[in-house]
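# Examination of the molecular architecture
Each chain, written out:
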Amino acid sequence: MVFRLRVALAMNLALAIGVGVASAQTPQPFPRPSRPDAAPAETPPTAGPSAQLVVPAGPEGPSERELGAPVYPGAQYLGSYDAGRGQRFHLYGVMINFADAVMYYKNVLKKNGDVLYQSPPTHQFETSRFRDDVMAFPPSVTVKDFTSGGGAGYPNPRPGVEPAHFPTVIQIVPAPPGG
């Protein structure tokens with residue numbers, strides 16, 4: 001349950017990050033692991049969680065094999081964050097509503113997943129077993145509604161590229177290499 005809450009907090013902070021991108025402010029990081037042996041904030045980004053969304057030059061993200069989870073067809077790769085311990089948060093924007101994205105993952109993963117929050121709607125599907133000794137976050141797919149409460153959606157981190165906002169964001173956290 002603690003791990004689900006960690007991932008839920010990470011997804012909730014994505015909203016704040018998206019707002020920061022839209023207003024040209026520096027995005028805030030996803031939450032860092034609360035473990036005492038986690039890397040301190042002043043370490044270089046390569047050694048610990050990074051505060052910057054890494055937006056790729058092209059539209060391609062990691063392969064489904066690298067992610068250990070399917071990517072919704074037509075999803076746009078938005079970028080990734082360092083999650084620590086060799087893991088990354090990979091964000092994808094989709095132009096479908098939250099309920100359809102959740103139904104897609106229920107059918108493809110053959111799991112019901114867990115409702116993390118009713119408002120804003122956030123649903124998580126764990127894709128493999130969490131190993132505390134080598135992982136910062138459980139490998140998972142988390143779907144979040146960014147139009148809940150009348151919001152415009154998650155801002156596209158690539159200025160001037162359509163669409164300007166995504167109603168739904170999918171966050172995929174793969175297991176670390178060798179994990």
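Above this text sits the structure in question.
Everything numeric here is computed off the predicted structure, so don't read it as measured data.

Time to look at helix H3 (residues 98-109). The first and last C-alpha atoms of H3 sit 16 Å apart over 12 residues, in line with the 16 Å expected at 1.5 Å per residue. Those residues of H3 that fall on the buried side of the exposure criterion are Phe-98, Ala-101, Val-102, Tyr-105 and Leu-109. Looking straight down H3, one finds its buried side chains confined to an arc of 100°; they lie on one side. The secondary structure elements touched by the buried residues of H3 are strand E4 (122-126), strand E5 (140-145) and strand E8 (168-173).

Spatially, E1-E2-E8-E5-E4-E3 is the arrangement adopted by the six strands of the open sheet, whose pairing is antiparallel. The two strands at the open ends of the sheet, each matched to only one other strand, are strand E1 (76-84) and strand E3 (114-117). Across the sheet, the axes of successive neighbouring strands diverge by a mean angle of 25°, strand direction being ignored. Where E3 and E4 come together, three bridges link them in antiparallel fashion. Among the inter-strand pairings, Asp-114 is bridged to a residue of E4, identified as Gln-124.

What follows concerns the nonpolar core. Residues Tyr-92, Tyr-105, Val-141, Val-143, Ile-170 and Ile-172 are the most contacted members of the largest nonpolar core, which totals 18 residues. Breaking this core down by element, the ones donating at least two residues are strand E2 (87-94), H3, E5 and E8. For this core, the element with the most residues is H3, which contributes five residues. Apart from residues lying up to four places away in sequence, Ile-172 is in contact with Leu-67, Ala-69, Pro-70, Val-71, Arg-88, Phe-89, His-90, Tyr-92, Tyr-105, Ser-140 and Val-141. Formed by 13 residues, the second largest nonpolar core is a distinct cluster that contains Leu-53, Leu-91, Phe-137 and Val-173.

This brings us to the pairing of E1. Across the nine residues that make up E1, a large majority, eight, are buried. Of the pairings in the sheet, the one linking E1 to E2 comprises seven bridges and is antiparallel in character. Residue Tyr-77 lies in a different strand from E2, and its bridge partner there is Tyr-92. Between E1 and E2, which pair antiparallel in sequence order, lie two residues; one of them, Arg-85, sits at a positive phi of approximately 55°.

Next up on the list: the environment of Phe-89. You can see Phe-89 is positioned in strand E2. For Phe-89, a relative accessible area of 0% gives the class buried. In this structure the C-alpha to C-alpha distance between Phe-89 and Ser-140, which are 51 residues apart in sequence, comes to 9.7 Å.

Reading the values: the criteria
- Residues numbered from 1 in each chain as written.
- Predicted model: local features only at pLDDT ≥ 70, side-chain atom pairs only at ≥ 80, totals over all residues.
- Heavy atoms only, no water.
- Helix = DSSP H or I, 4+ residues; strand = E, 2+ residues; numbered from the N terminus.
- Expected span 1.5 Å × (residues − 1).
- Buried < 20%, exposed > 50% of the residue type's maximum accessible area, 1.4 Å probe, protein only.
- Arc of directions from axis to C-beta.
- Contact = heavy atoms within 4.5 Å.
- Pairing = 2+ DSSP bridges.
- Axes fitted to C-alpha atoms, helices over the stretch in contact; angles between N-to-C directions.
- Core = buried A, V, L, I, M, F, W, Y, C linked by side-chain atoms within 4.5 Å.

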